[in-house]
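The chain contents come next:
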Amino acid sequence: MRELFDEVAGQSPFDPEEAVRRATRVPQRKRFYANAGVGEADGGFTVTLDGKPIRTPSGRHVVTPNAVIAEAIAAEWNAQVETINPLTMPLTRFANSVGEGVIDRVDAVADDVEKYLGTDLLFYRAGHPEALVAKEAAHWDPVVFWAANELGAHFMLAEGIVHVTQPEPAIKAARAVFPTDPWSVAALHVVTTLTGSALLALALFHGVRNAEEVWAAAHVDEDWNIEKWGLDEEVAARRAARLVDFTAAVTILKALKP
């Protein structure tokens, strides 16, 4: 079973497009189990296949922080029919990534998210046309204002793509409200890398914006181009692949809410 995910371990959801390319090169294996279930484990819950707990590609037991997440992962395994397709199992891939690349390096993953605060999508605005400027402001300003008013994180905005160095106190203020548990940090990282915005990820985590609003905000410019020039099928396919992993991260965050 583990070899099915060897090619995507540590890649998705942190790099879903690369995961798609790798997974399509992996022969799919026939379903070899009757039922997937959930069991208790030290520190949480595990997913079982015919009573045996699943493991990450390196052999670690997959242990989720609550039963809701374990049940959602088990549902992915139960949904497989004749063959097992890892691309249809984003929560399983997420769990593998947490076990392989986050649990032992939570601070490093959080540091990677923090880097986005220096070049966040929301800081670089179009100068024209006016309609696009207004769309960006409508989607992005509430999040920027929330960061300033509620977090004390006062970031600088710029027109165009010329780099603007952000104030260190603003970055530290935003970093102070990062989650600290590995599953939430992993989800924050996924949302950040898929949207290009750590601020959007934080707004989602803290309930300031819902998933639909965050996804729309991340694609303001892309949607503007689609309105003007039409839909590019390749771009649409990549976006659909990213949305699968974005939705998985949102599912994790919802399941972890108190």
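Residues numbered from 1 in each chain as written. Predicted model: local features only at pLDDT ≥ 70, side-chain atom pairs only at ≥ 80, totals over all residues. Heavy atoms only, no water.

Caption draft 1: Region of interest: the pattern of salt bridges. Scanning all chains against the criterion turns up nine salt bridges. For E114, the salt bridge is made with R175, and the minimal N-O distance between the two is 2.4 Å. With E114 in helix 4 (residues 106-116) and R175 in helix 6 (residues 168-175), this pair connects stretches of sequence that are 61 residues apart. The salt bridge involving R238 is made with E234; its shortest N-O contact spans 3.1 Å. In this pair, R238 and E234 both sit in helix 11 (residues 233-256), four residues apart, roughly one turn of the helix. Its relative accessible area of 56% is what places E234 among the exposed residues. Several salt bridges share partner residues, and in doing so they unite E222, D223, R239 and R242 into one network. (Salt bridge = Lys/Arg side-chain N within 4 Å of Asp/Glu carboxyl O. Helix = DSSP H or I, 4+ residues; strand = E, 2+ residues; numbered from the N terminus. Buried < 20%, exposed > 50% of the residue type's maximum accessible area, 1.4 Å probe, protein only.)

Caption draft 2: Main features of the packing of aromatic side chains. Throughout the structure, instances matching the rule amount to five aromatic pairs. Stacked on the ring of F32, the Lys or Arg R29 has its end atom at 4.4 Å from the ring centre. Its guanidinium or amino end placed over the ring of F205, K257 lies 5.1 Å from that ring's centre, counting from NZ or CZ. (Phe/Tyr/Trp six-rings, centres within 6.5 Å; stacked < 30°, edge-to-face > 60°. Lys NZ or Arg CZ within 6 Å of the ring centre and 35° of its normal.)

Caption draft 3: Broad picture of the packing of helix 3 (residues 90-101) against helix 7 (residues 182-195). Contact pair helix 3 / helix 7: the axes reach a minimum separation of 10 Å and the direction vectors enclose 115°. Classed by the angle they form, the pair helix 3 and helix 7 counts as roughly perpendicular. Regarding helix 3 and helix 7, the two cross each other, and that crossing is right-handed. For the pair formed by helix 3 and helix 7, the contact residues are F94, A95 and V98 on the first element and P182, W183, A186, A187 and V190 on the second. Of the residues that constitute the contact of helix 3 with helix 7, the class distribution is eight nonpolar, no polar and no charged. (Axes fitted to C-alpha atoms, helices over the stretch in contact; angles between N-to-C directions. Parallel < 35°, antiparallel > 145°, perpendicular 65-115°, else oblique. Left-handed = near helix turned anticlockwise from the far one by under 90°. Contact = heavy atoms within 4.5 Å. Nonpolar A, V, L, I, M, F, W, Y, C, P; charged D, E, K, R; others polar.)

Caption draft 4: Seen up close, helix 8 (residues 198-205). The element helix 8 is extensively covered by neighbouring structure, given that eight of its eight residues are classed as buried. Those residues of helix 8 not exposed but buried are A198, L199, L200, A201, L202, A203, L204 and F205. Check the buried side of helix 8 and you find it contacts helix 4, helix 5 (130-151), helix 6, helix 7, helix 9 (211-218) and helix 11. A side-chain oxygen of the first residue of helix 8 lies 3.3 Å from the backbone nitrogen of L199; this N-cap is S197. The first or second residue beyond helix 8 is G207, which carries a positive phi of 75°. (Polar contact = N/O pair within 3.5 Å; in protein donor to acceptor, adjacent residues only side chain to side chain.)

Caption draft 5: Region of the structure containing the pairing of strand 2 (residues 36-41). Here strand 2 pairs with strand 3 (residues 44-49) via six bridges, running antiparallel. Looking at the pairing, G37 lines up with T48 of strand 3. The turn joining strand 2 and strand 3, which pair antiparallel and follow one another in sequence, is formed by two residues; a positive phi near 90° is taken by G43. (Pairing = 2+ DSSP bridges.)

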